[in-house]
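What follows is the residue order along each chain.
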Amino acid sequence: VPRVTTKSLQRSRERGEKLTMLTAYDFPTAKLLDEAGIDLLLVGDSLAMVVGGHETTLPVTMDQILYHAEMVGRAAKRAMVVVDLPFPEGQLSINRTLESAARVLKETQCHAVKLEGGAEQAERISALATAGIPVMAHVGLRPQNVHLDGGYRVQRDQQRLVDDALAAEQAGAFCVLIECVPPAIAQAIDQAVAVPTIGIGAGNQTTGQVLVTHDMIGLTTGYTPKFVRQFGNVGEQIRAAATEYRDAVCSGEFPAESESFK
Ligand code: KIV
Ligand code: NA
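For clarity, every value in this text was computed on a predicted model and none was experimentally measured. (Residues numbered from 1 in each chain as written. Chains lettered and ligands numbered in written order. Predicted model: local features only at pLDDT ≥ 70, side-chain atom pairs only at ≥ 80, totals over all residues.)

### Examining the overall build of the protein chain
Now for step 1: If you tally the helices and strands in the protein chain, you get 11 helices and 8 strands.
Now for step 2: Reported as C-alpha extents along the three principal axes, the dimensions of the protein chain are approximately 70 × 40 × 35 Å.
Now for step 3: Considering the protein chain as a whole, with its 262 residues, one finds that 45% of them fall into the buried category.
Now for step 4: Pairs at least 24 residues apart make up 58% of the contacts formed inside the protein chain by residues separated by at least 6 positions. (Helix = DSSP H or I, 4+ residues; strand = E, 2+ residues; numbered from the N terminus. Buried ≥ 20, exposed ≤ 12 C-beta atoms within 10 Å, placed from the backbone. Contact = placed C-beta atoms within 7 Å.)

### Some words on the pairing of strand β3 (residues 80-84)
Now for step 1: Most of β3 is tucked away, with 5 of its 5 residues classed as buried.
Now for step 2: In β3, alternate side chains face the same way, and those of M80, V82 and D84 on one face and V81 and V83 on the other are all buried.
Now for step 3: Both β3 and strand β4 (residues 112-116) contribute to a ladder of 3 bridges, which runs parallel. Looking across to β4, one finds that V83 is bridged to V113.
Now for step 4: With helix α5 (residues 94-107) bridging β3 and its parallel neighbour β4, the resulting β-α-β unit is right-handed. (Pairing = 2+ DSSP bridges. Right-handed = clockwise from strand over helix to strand, strands pointing away.)

### Some words on the UniProt feature "active site" (unreviewed entry) in the protein chain
Now for step 1: Within this structure's numbering, the places UniProt gives as "active site" (unreviewed entry) are E179.
Now for step 2: Its place among the elements puts E179 in strand β6 (residues 175-179).
Now for step 3: Classification of E179 as buried rests on a count of 22 C-beta atoms within 10 Å.
Now for step 4: Setting aside residues up to four positions removed in sequence, E179 forms contacts with H138, G140, L141, I200, G201 and A202. (UniProt positions renumbered as here; feature names shortened; annotations may be inferred.)

### Here we look at the domain arrangement of the protein chain
Now for step 1: Along its sequence, the protein chain is organised into domain 1 (6-218) and domain 2 (232-262).
Now for step 2: Relative to domain 2, the C-alpha centre of domain 1 lies at a distance of 39 Å. (Domains from an automatic or database assignment.)

### Concerning the packing of α5 against helix α6 (residues 122-130)
Now for step 1: At a closest axis distance of 10 Å, the pairing of α5 and α6 adopts a crossing angle of 40°. On the basis of their axis angle, the class for α5 and α6 is oblique. As α5 runs across α6, the sense of the crossing is right-handed. Within the contact between the two elements, α5 uses I94, T97, L98 and A101 and α6 uses E123, R124, A127 and L128.
Now for step 2: Across the contact of α5 with α6, the residue classes break down as 5 nonpolar, 1 polar and 2 charged. (Axes fitted to C-alpha atoms, helices over the stretch in contact; angles between N-to-C directions. Parallel < 35°, antiparallel > 145°, perpendicular 65-115°, else oblique. Left-handed = near helix turned anticlockwise from the far one by under 90°. Nonpolar A, V, L, I, M, F, W, Y, C, P; charged D, E, K, R; others polar.)

### Digging into the site of ligand 1
Now for step 1: Inspection of the region around ligand 1 gives T23, L42, G44, D45, S46, D84, L177, I200, V210 and V212 as its neighbouring residues.
Now for step 2: Here the residues of the shell around ligand 1 are counted per class, giving 5 nonpolar, 3 polar and 2 charged. (Near = placed C-beta within 6 Å.)

### Notes on the environment of L115
Now for step 1: In this structure, L115 sits in strand β4.
Now for step 2: L115 gets classed as buried once you count the C-beta atoms within 10 Å, which come to 25.
Now for step 3: Separated by 54 residues in the primary sequence, L115 and E169 place their C-alpha atoms 13 Å from one another.
Now for step 4: Sequence-distant contacts of L115, that is, excluding residues within four places in its chain, are made with L85, G90, Q121, R124, I125, V135, A137 and H138.

### Things to note about the confidence of the model for the protein chain
Caution applies to low-pLDDT regions: their predicted coordinates should not be interpreted in detail.
Now for step 1: Mean pLDDT for the protein chain: 98, with 100% of residues reaching 70 or above.
Now for step 2: ipTM for the predicted complex: 0.99, alongside a pTM of 0.98. (pLDDT = per-residue confidence, 0-100.)

### Some details on the sheet that holds strand β1 (residues 19-23)
Now for step 1: Around the barrel, 8 strands lie side by side as β1-β2-β3-β4-β5-β6-β7-β8; this closed barrel has parallel pairing. The mean inter-strand angle of the sheet, taken between neighbouring strand axes irrespective of direction, is 25°.
Now for step 2: Seen against the sheet, α6 touches β4 and β5 (135-140) and runs at an angle of roughly 160° to β5.

### Here we look at the UniProt feature "binding site: Mg(2+)" (unreviewed entry) in the protein chain
Now for step 1: Within this structure's numbering, the places UniProt gives as "binding site: Mg(2+)" (unreviewed entry) are D45, D84 and E116. Taken along the chain, the residues just named run across 72 residues; in space they keep tight, none of their C-alpha pairs more than 11.0 Å apart.
Now for step 2: Along the polypeptide, D45 turns up in the loop between β2 (40-43) and α3 (47-50).
Now for step 3: Apart from residues no more than four positions distant in its own chain, D45 is found in contact with T57, V60, I65, D84 and P86.
Now for step 4: Inspection of the secondary structure puts D84 in strand β3.
Now for step 5: Beyond its immediate chain neighbours, meaning those up to four positions away, D84 contacts L42, V43, G44, D45, I65 and K114.

Quick look at the structure:
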């Protein structure tokens, strides 16, 4: 199967095809998502929250992201794999960003990085693209700004959001991710740019959609945002399997003779 690339994504958009993206943080899950035909896998800094149990994305480090990116990169045969630049790799000097992003391409089998921000990141996006590193820009709600913004809020400044997406595109971003904006604004962004757009909490008029896999499969505990649809309930299955295992061990029924050596 041919690999999903920046070029094939652009062709998909031009043909009016929808694109799918999910987060992945480990080998077995990434392999399943790739086999299911998901176009893009994201090693998101949501790793800090859904795997690490933190309250925000801020604590995850570049080395931790790289460890997980390695696993996902090894598993994906068809999907293009995008890796988040964790805070503050995309906020320090442009040289620092270049060095960190280059590690993704050099030390893992992943293909691109994602960077939060639009207009104010244009110079940085351009430096990465010039260095041969594909960049997905992330506009709208920016989880790395949670403390500056005083929480996670829906973004409604249409002019600013369109300008951010246009600036990112002009700087060389191959795709724009749009988080938590009303559908009409996401549609305006999608119409303003020529590159594919991927929405989360942004209605169904973007080129593609992304969700955090743990939310989508029912593995997240506690609060889930309004835009999440649970397509599976893996959490219940894990709990049920563990309960059955406990009962079988405690009753002496496991392991059976057939599960023992002669
Ligand atoms: O880290 C992440 O999972 C993300 C998605 C919410 C788009 O950036
Ligand atoms: Na992220």
